[in-house]
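Now for the letters of each chain:
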Amino acid sequence: MQPVLEINTPEGFDLWPIARIEPFAFLPLNGELSPAEVGTAMMRIIGCNDIDPDGDRPPRPTDPLESFLHGLLTFDHLYAAGGLRVTDHSTGVTFLPGCCDGLEDWRDWHAFLDGGSLLGFGHEPVSPVAERFGDTVRLTVNAEQSGSPVIELSVAELRHLLAGAERDLTNFLALATDWVRHQMPEHSEPVIAALARVLDLRTPATQPKP
């Protein structure tokens with residue numbers, strides 16, 4: 001199980017160095033990413049929330065960086081395209097996040113294990129679904145498809161995988177925190193706090209001032 005971001009790289013992005021990743025591919029988040037890969041992940045997370053202001057939100061700043069960060073720093077509910085990817089290496093079956101999935105909702109898996117019977121991640125034409133039958137969990141790659149590939153595992157196994165996914169997210173947040181403090185020091189603390197909200201993790205300690 002890996003936390004992943006669905007990548008969509010806009011043309012002409014030049015606010016910081018990024019890695020070129022195939023469009024709509026999934027980038028696993030962990031503590032081993034290169035600086036350029038962290039830059040790609042940050043570009044995607046910020047870009048998911050780069051929506052023109054409406055309602056009571058303040059207008060966009062004119063500065064290009066502050067304009068790009070505006071949604072991340074002003075939205076109440078943040079979104080990051082992706083989710084948790086599960087791969088069964090014994091069969092080659094991969095369970096991917098669906099169109100209605102987002103990394104910000106990854107803790108829904110815990111609620112599902114603690115008392116849910118079904119967890120859906122999308123709609124037709126592709127509907128990934130997690131179902132619990134007693135102590136067994138079945139992950140159906142596409143519930144819209146008869147005979148869809150599935151992954152079956154125990155509740156205990158899934159809890160173990162979720163703990164590993166949380167470690168990956170925590171390690172990515174630590175790596176991204178260092179990246180943000182280096183790349184945009186004047187905006188670092190609010191950006192880091194917003195990133196922690198997206199990942200539904202505790203905000204890292206504020207860096208002491210020299």
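Report on the accompanying structure. (Residues numbered from 1 in each chain as written. Predicted model: local features only at pLDDT ≥ 70, side-chain atom pairs only at ≥ 80, totals over all residues. Heavy atoms only, no water.)

### Side note on the sheet that holds strand β8 (residues 150–154)
Spatial strand order, β5-β6-β7-β8: 4 strands in an open sheet with antiparallel pairing. Each edge of the open sheet is held by one strand with a lone partner, namely β5 (118–120) and β8. Adjacent strand axes in the sheet meet at a mean angle of 15°, parallel and antiparallel pairs treated alike. When strand β6 (residues 129–133) meets strand β7 (residues 136–140), the two strands line up antiparallel, connected through 5 bridges. Paired with Glu-131 across the bridge in β7 is Arg-138. Lying on the sheet, helix α3 (residues 108–115) is in contact with β5, β6 and β7; it crosses β6 at an angle near 25°. Each of β6, β7 and β8 touches helix α4 (residues 155–183); the most contacted strand, β8, lies at about 95° to it. (Pairing = 2+ DSSP bridges. Helix = DSSP H or I, 4+ residues; strand = E, 2+ residues; numbered from the N terminus. Axes fitted to C-alpha atoms, helices over the stretch in contact; angles between N-to-C directions. Contact = heavy atoms within 4.5 Å.)

### As for the pairing of β8
Burial of β8 is one-sided: the residues Ile-151 and Leu-153 facing one way are buried, the residues Val-150, Glu-152 and Ser-154 facing the other way are not. Sheet analysis places β7 next to β8, joined by 5 bridges and oriented antiparallel. Across the sheet, residue Thr-140 finds its bridge partner in β8, namely Val-150. (Buried < 20%, exposed > 50% of the residue type's maximum accessible area, 1.4 Å probe, protein only.)

### Section: the environment of Leu-96
Tracing the backbone shows Leu-96 in the loop between β4 (93–95) and α3. You can call Leu-96 partly exposed: its relative accessible area is 35%. Spatially, the C-alpha atoms of Leu-96 and Gly-83 are 7.9 Å apart, while their sequence positions differ by 13 residues. Discounting chain neighbours no more than four positions away, the residues touching Leu-96 are Phe-26, Arg-85 and Pro-128.

### Focus on the packing of aromatic side chains
For any pair of aromatic rings, the description rests on two quantities: the centre-to-centre distance and the angle between the ring planes. What the rule picks out here adds up to 7 aromatic pairs. Ring centres 6.2 Å apart and planes at 85° place the aromatic pair Phe-95 and Trp-109 in the edge-to-face group. Highlighted residues: Phe-95 in strand β4 and Trp-109 in helix α3, separated in sequence by 14 residues. In terms of burial, Phe-95 and Trp-109 fall into one category: buried. Relative to Phe-121, the ring of Phe-95 lies with its centre 5.7 Å away and its plane at 80°, an arrangement referred to as edge-to-face. One end of the pair, Phe-95, is in strand β4; the other, Phe-121, is in the loop between β5 and β6, with 26 residues separating them in the sequence. Three or more aromatic residues joined by ring pairs form one cluster here, namely Phe-13, Trp-16, Phe-68 and Trp-179. (Phe/Tyr/Trp six-rings, centres within 6.5 Å; stacked < 30°, edge-to-face > 60°.)

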